[in-house]
Amino acid sequence: MDDSAILSTFDKKENAFQSVLDRGARVWLQWGRTVIGGHAAPYDFAAQFQQDSVGRIMKRLHGSESGTWFWTCHDGGARGTVPTKEQAVAEVERAYTRRIVKADWR
């Protein structure tokens, strides 16, 4: 989609993700609070695509990296630390989009 206009339809998720990546964009994931033992963890969010858990971001609260955001894409192992929550979200979404189309495979 571009704004509200449908640009193309695809039979396979991989082809749709490749189209997104070719446009220099990323797939937007569904975000919610990370729940551990029935309790929502503070500054901790999980990403899903359809029913699959695909990534996580969390704010570092202690130590030399306090205030930064750690991110990880579960499938493929991409991870890092960035200054803001918004950057962490973008990194997970970018990494997941690239993972689905195997953009970094050799």
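Reading the values: the criteria
- Residues numbered from 1 in each chain as written.
- Predicted model: local features only at pLDDT ≥ 70, side-chain atom pairs only at ≥ 80, totals over all residues.
- Heavy atoms only, no water.
- Phe/Tyr/Trp six-rings, centres within 6.5 Å; stacked < 30°, edge-to-face > 60°.
- Helix = DSSP H or I, 4+ residues; strand = E, 2+ residues; numbered from the N terminus.
- Buried < 20%, exposed > 50% of the residue type's maximum accessible area, 1.4 Å probe, protein only.
- Lys NZ or Arg CZ within 6 Å of the ring centre and 35° of its normal.
- Pairing = 2+ DSSP bridges.

## Re the packing of aromatic side chains
For the structure on display, the rule yields 4 aromatic pairs. Measuring from centroid to centroid gives 5.2 Å for Phe17 and Phe49, while their planes differ by 90°, and the two rings are edge-to-face. Placement of the pair is Phe17 in helix 1 (residues 13-22) and Phe49 in strand 2 (residues 39-49), with a sequence separation of 32 residues. Exposure class is identical for Phe17 and Phe49. Each is buried. Linked through ring pairs, Phe17, Phe49 and Tyr96 together constitute an aromatic cluster. The residue whose ring lies beneath Lys85 is Phe45, and the NZ or CZ to ring-centre distance is 4.0 Å.

## So, the pairing of strand 4 (residues 69-73)
As a general feature of sheets, a regular strand has side chains that alternate between the two faces. Across the 5 residues of strand 4, 5 count as buried, placing the element largely inside the fold. Alternating positions in strand 4 separate into two faces, Trp69, Trp71 and Cys73 on one and Phe70 and Thr72 on the other, with burial throughout. In this sheet, strand 4 lies alongside strand 3 (residues 52-59) in antiparallel orientation, the contact comprising 5 bridges. The residue bridging Gly55 from the neighbouring strand is Cys73, located in strand 4. Taken together, the 4 bridges between strand 4 and strand 5 (residues 79-82) define a ladder with antiparallel strand orientation. The residue bridging Trp69 from the neighbouring strand is Val82, located in strand 5.

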